[in-house]
2 protein chains.
Amino acid sequence: MTDRKEFRDLADPADARDAIASLDLAPDPEEVPLAEARGRVLADRIDAQLDVPGFDRASMDGYAVRARDTFGADETDPATLDLAGTVHAGEEPDVAVGEGEAVEISTGAVMPPGADGVVMVERTDESEEGEAVAVRTAVAPGDNVMLAGADVAAGERALGPGTRLTAREIGLLSALGVESVPVRGKPTVGIVSTGDELVRPGEEVDSAAGQIYDVNSYTVAAAVEEAGGEPKLYPHAGDDYDEMEAILREAAAECDLVLSSGSTSASAVDVIYRVIEERGELLLHGVAVKPGKPMLVGRVGDSAYVGLPGYPVSALTIFRTFVAPAIRRAAGVPEPATATVEARMAAEERYGEGRMRMMPVGLTETGEPRSASNTSGGAASGDLLAYVVDKGSGATTSLVEADGVVEVPADTAYLAEGETVEVQLFSPDVRPPTVLGVGEDDPALARLLDAVERPRYLSVGSREGLRRLRDGVPDFAVTSGEPADSASDRGVDATELASYRREWGLVVPSGNPEDIAGLADLVDRDLRFVNRGSDSGLRTSLGNALADLADERGATRHDLVESIDGFELAAKAHESPARKVAAGRTDAGLGLRATAEKLGLGFVPVDTETVRVLANPDRESKPGVRDLDAALDERLDAVLGDLPGFDR
Amino acid sequence: MTDRKEFRDLADPADARDAIASLDLAPDPEEVPLAEARGRVLADRIDAQLDVPGFDRASMDGYAVRARDTFGADETDPATLDLAGTVHAGEEPDVAVGEGEAVEISTGAVMPPGADGVVMVERTDESEEGEAVAVRTAVAPGDNVMLAGADVAAGERALGPGTRLTAREIGLLSALGVESVPVRGKPTVGIVSTGDELVRPGEEVDSAAGQIYDVNSYTVAAAVEEAGGEPKLYPHAGDDYDEMEAILREAAAECDLVLSSGSTSASAVDVIYRVIEERGELLLHGVAVKPGKPMLVGRVGDSAYVGLPGYPVSALTIFRTFVAPAIRRAAGVPEPATATVEARMAAEERYGEGRMRMMPVGLTETGEPRSASNTSGGAASGDLLAYVVDKGSGATTSLVEADGVVEVPADTAYLAEGETVEVQLFSPDVRPPTVLGVGEDDPALARLLDAVERPRYLSVGSREGLRRLRDGVPDFAVTSGEPADSASDRGVDATELASYRREWGLVVPSGNPEDIAGLADLVDRDLRFVNRGSDSGLRTSLGNALADLADERGATRHDLVESIDGFELAAKAHESPARKVAAGRTDAGLGLRATAEKLGLGFVPVDTETVRVLANPDRESKPGVRDLDAALDERLDAVLGDLPGFDR
């Protein structure tokens, strides 16, 4: 680590963009069949090689005539012409139209020789014997005929280079009979992930050996596709110089751009750094942007190289900001039209690190009428609030909790609550959730949300959920606990949409081998216990039950808590303690009867508590909230009936 | 035709939407590998099946310790701990941390047994012998450790049904180790094209037999893909009942929806109508919408069926309005965010047909600052003008000249010039052209446009081009003719960006077999001639040359014109007369020396004329116009040098 050359001055983000723009990612054009050309970008101009239509074509059902034979004809004085034959669409005419003659013709059929106009069938009467037709109108030469080349003439410029092929262009190319088209190549983007600990999804992960699934490779690969590139995953490179060098060189030889998504290990970064210095060219190391300070830009062999940061949200943010535009440019794909939306900051955000910040935010609609600046286009159907997520935790859940990024200039001291910011969406497919909920982790609620389109629910616990509801960002909060813990008692203005009860207690191994009878055993015996976090309503219920037990014993709650081995071991989700029981890592865990039965474990009941679904009063008319309300009305009983220990 | 039951009352468009919505297009869900899941829509809720991380994980490089051993340590009074070993990321710890001990640990590594916190390396000093480490700070239990499940806990709701999978969701699913995911099936959409005259692109078309390329099948197939469906093309069905029935039944058995894109032949419609009546159910025949009045909605077997109109723009319009939403719903794909933009009508459009009109329009940006209602999102970078295209011509070129559709209610009498309308784009990929030109068809200009991004050029001829420039819609016009025909003389305010000369004359077969010496031969001899259209500047030049000849002879221009066989035979594009010469269908055609040489034909020079590129003075600062101007500056000489008979 000591001999690594440091770029002491972090590069300006604009210089990083320039450095990436200076790398040539554009592959050679290729020829693709028309049926596979949708979404591709024309590499060359296409001139029409034939006339459309290729022949003088009847544009009405009727009779092909010599126009001069109809001069003077009208309803009262029809011209009578001899019927010389018939031409259908798709047939070569086997008759000609002589003076005083007519030929029956279908729309789309070839005009027979001699004819220069078509009388529509509605203005004619065929004789009963079918030997003559009375024409009750005059036509001019060219009437109801589309001349050869009138739609597209051979030699005309049809489509220019750089045209993106949508259904419309495919249609025009079909008319020209084009079988395949020259299109811009998709840049091939090699993705090298580093770190011995990474395992591909679908393979077995050995947690005891510190293995984790490779998140960045798949996230970045999907983002490369979204930008119009062709991702190619390379096997995990460890921290070994020779192995890493071999993989980077192979990727560089096969790809237009190589990305490595950060290893968490500093030594792997060192190895990459050395490979680039020795086998390529380092343009830039370190950019004054948060996240992404350790970003590398350079060349390996003939390929461009960019090193992305390690945290998934950081990697995606840096990719989107710096790399995706270069891939789109190389592929000839335009910037997505709705890549940005305007939003108001949900809360003040202080910032003072002196470098540009790419701040990940989640979005939620207030449901209020849209402001004038937001009436057209964009993903918003209401005024948008942006709230900051992933304050550096590196959590993968932030990937789906953040909708986009706000670029905060280096000289910003803070963003005020309500301040308008421009949010760069992670992809144009991103839509803000229809409804945003926060609070207690509860299995009945999780099932109910399946009936709501595009909800977002953040399991932050009852206490934190109520706090956020009071601050006005979410649409609803879910709490659990006793009636005395209700929202109104905590000064939160909320509308109760529904409430139900759930039975809680101690989840123990199947058959209850330690013969645990209740909370007293946790206090009095040498048992390992796993609790929930302090924001969880379930933990508050446990605390209250322990307080009651303390009262009975004339002790303090603190005394009892101190005697429980693992009371401070807070597990994240409602099933987590039970799963630790199932894994044999603890004797008992705080949990629900429903969880114990689901996981085939034993259960020692302690009490029931009330779960409340509380709406933000300002959002009751928001469609997502109404959908949730309807789902509660229609499905809650069925959901509770399915979950042991749940009822009204 | 006589026994076809007529639905006398055309259905309301809303009823047509309801009828299509009543058809069940949703296929069964399917399981796809994660690497192919991007863009798909989850069919079921995904709960986490494991903890992320799966183990207590160091989140810093440093030393794993028992936190209580560091209590009280600070810079002046470090705690010295014995080094018990090392744990790297991806390794199972082979040491435990006892009292007074520390273990060197890498970011991402498994916390060794006994340790409950990590001291970051920057706050430590390892002894020279590597046997002990001095810790210059106190840590609390959990410091710099991410507990197992802290990111995602097993049992937590990760993603709900209906979630569209973008890079972000792919990332979360990777973290969960998911190999494949249950997604909504893509509705299979069978496309049956009717009409014996249709030929697939890439095959040989026999124009003499009235064959044309099948446009609608490929256009609709691409539009089906854009909407999230899986198109399937069926062989062309003729107008034969048995063949059509067999194909429709096969498609119905294999697809969720069958579309037939209109045959121009009325008898084919009759056959489809009968098959639906006999083998399925007809829900609706005829909708009060222009285009699309003959639209059919029903069922064939277990499949839904919709019959689209025959003209390509009409088929795409009806598909987009009525069918695409149903396909998206079945696929679970959200409405595209930028499917609509606001625009102002470029000219008054009268309408009074008493049924809703889906009016195809082209878009152009005025380059003026955007109005307040247009500042966010949307495809526009300036105020948009909408001009009506395809007034029922059925031309395939309208496909690329129209950007979208304005829904005009049935009770509308007219849309005023400048009136704001909402344009439904044909697809979210549609972008208005950067620059819109109109006027003379010219090969030098066609090449120059290759250097401009996304231009649109309508070859309407010099005269019509000037008229449109005067009306203020296009950004530039191109004229050809003599200086006396210049724009200012016609009362058009325009800025000349460039001018050049092109040599014109008579294009004759190679070797000039008829030994044509000039225009006099056309007048005096029995030769067949093909002219350009009356809006063409080239034709005006020809007229002027004939007037000069008439003067010499003391005749009138009219006399001379009357003596030329084919003077009124107007071919569309600048190469068209020459191509008729090449095909042996005429003895001479009006054209350019450049065209004659390109096609290997003979050329009888008559004169040169001036081509002018004239900008709309209000648009000179528009980026697309500036790009054109730059292309003229930089490339015109090279382009003229490549084209015989062209110079300044």
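Only a predicted model underlies this, so the values are computations on that prediction, with no experimental measurement involved. (Residues numbered from 1 in each chain as written. Chains lettered and ligands numbered in written order. Predicted model: local features only at pLDDT ≥ 70, side-chain atom pairs only at ≥ 80, totals over all residues. Heavy atoms only, no water.)

J.: Just checking my understanding: could you explain the overall build of chain A for this structure?
T.: In terms of regular secondary structure, chain A is built from 15 helices and 37 strands. Expressed as lengths along the three principal axes of its C-alpha atoms, the size of chain A is roughly 120 × 65 × 50 Å. The 648 residues of chain A split such that 58% are buried. The long-range fraction of contacts in chain A, counting pairs at least 24 apart against all pairs at least 6 apart in sequence, stands at 72%. In chain A, 63 positive and 119 negative side-chain charges are present, and the distance between their average locations comes to 7 Å. (Helix = DSSP H or I, 4+ residues; strand = E, 2+ residues; numbered from the N terminus. Buried < 20%, exposed > 50% of the residue type's maximum accessible area, 1.4 Å probe, protein only. Contact = heavy atoms within 4.5 Å. Lys, Arg positive; Asp, Glu negative; His and termini not counted. Charge placed at Lys NZ, Arg CZ, Asp CG, Glu CD.)

J.: Mind showing me how you'd approach the interface of chain A and chain B here?
T.: Many authors give the size of an interface as the accessible area that is lost as the parts come together. Across the contact, 111 residues belong to chain A and 111 residues belong to chain B. Where chain A abuts chain B, roughly 8,800 Å² becomes buried across the two surfaces, and 54% of that area is made up of carbon and sulfur atoms. Broken down residue by residue, the surface that chain A buries against chain B is led by Arg38(A), Arg157(A) and Arg168(A), which jointly contribute 8%. Along the contact surface separating chain A from chain B lie eight salt bridges. Across the pair Arg38(B) and Glu225(A) runs a salt bridge whose closest N-O atoms are separated by 2.7 Å. Between chain A and chain B we count 26 residue pairs in polar contact (both at pLDDT 80 or more) in total. Looking at the side of chain A that touches chain B, the elements with two or more residues in it are β11 (157–159), α2 (167–175), β15 (212–213), α3 (216–226), α7 (397–401), α8 (443–449), β30 (455–458) and α13 (576–582) of chain A. Among the elements that line the side of chain A that touches chain B, the one with the most residues is α2(A), at eight residues. Of the residues belonging to the side of chain A that touches chain B, the class tally is 51 nonpolar, 30 polar and 30 charged. (Buried area = accessible area lost by both parts, 1.4 Å probe. Salt bridge = Lys/Arg side-chain N within 4 Å of Asp/Glu carboxyl O. Polar contact = N/O pair within 3.5 Å; in protein donor to acceptor, adjacent residues only side chain to side chain. Nonpolar A, V, L, I, M, F, W, Y, C, P; charged D, E, K, R; others polar.)

J.: Explain the confidence of the model for chain A here, please?
T.: Interpreting fine coordinate detail is not advised for predicted regions of low pLDDT. All names here are of chain A. Summarising the model, chain A shows a mean pLDDT of 88, and 93% of its residues fall at 70 or more. Within the model, pLDDT remains below 50 along residues 370–381, and this stretch shows 37 contacts once partners closer than five positions in the same chain are excluded. Overall fold confidence for the complex sits at a pTM of 0.86, while the interface term, ipTM, reaches 0.87. (pLDDT = per-residue confidence, 0-100.)

J.: Got a minute to help me understand the sheet that holds strand β18 (residues 280–285) of chain B in this structure?
T.: Sheets are built from strands paired through backbone hydrogen bonds, the pairs being either parallel or antiparallel. Residue and element names in this part refer to chain B. Taken in spatial order, the six strands make up an open sheet running β16-β13-β17-β21-β20-β18, and their pairing is mixed. A strand with exactly one partner marks an edge of an open sheet, and here the two such strands are β16 (230–237) and β18. Pairwise comparison of adjacent strand axes, ignoring direction, gives a mean angle of 20° for this sheet. In this sheet, strand β21 (residues 303–308) lies alongside strand β17 (residues 257–261) in parallel orientation, the contact comprising five bridges. Its bridge partner lying in β21, Ser 260 is registered against Gly 307. Across the sheet, helix α4 (residues 241–254) is in contact with β13 (188–194), β16, β17, β20 (296–300) and β21; its angle to β16 comes to roughly 165°. (Pairing = 2+ DSSP bridges. Axes fitted to C-alpha atoms, helices over the stretch in contact; angles between N-to-C directions.)

J.: How do you make sense of the packing of aromatic side chains when you look at a structure like this?
T.: Residues and elements named next belong to chain A. With the rule as written, the count across this model stands at four aromatic pairs over all chains. Between the NZ or CZ atom of Arg 17 and the centre of the ring of Phe 322, over which it lies, the distance is 5.1 Å. The ring of Tyr 414 carries the charged tip of Arg 350 above its face, separated from the ring centre by 5.1 Å. (Phe/Tyr/Trp six-rings, centres within 6.5 Å; stacked < 30°, edge-to-face > 60°. Lys NZ or Arg CZ within 6 Å of the ring centre and 35° of its normal.)

J.: Can you walk me through the pattern of salt bridges in this structure?
T.: Where side chains of opposite charge bring their charged atoms close, a pairing between them can arise. Residues and elements named next belong to chain B. Overall, the coordinates contain 80 salt bridges over all chains when judged by the stated rule. Salt-bridge contacts for Arg 136 lead to Asp 125; the nearest nitrogen and oxygen are separated by 2.7 Å. Within this pair, whereas Arg 136 is found in the loop between β9 (132–135) and β10 (145–146), its partner Asp 125 is found in strand β8 (residues 124–126), the two being separated by eleven residues in sequence. On the basis of relative accessible area, Arg 136 is assigned to the buried category, the value being 15%.

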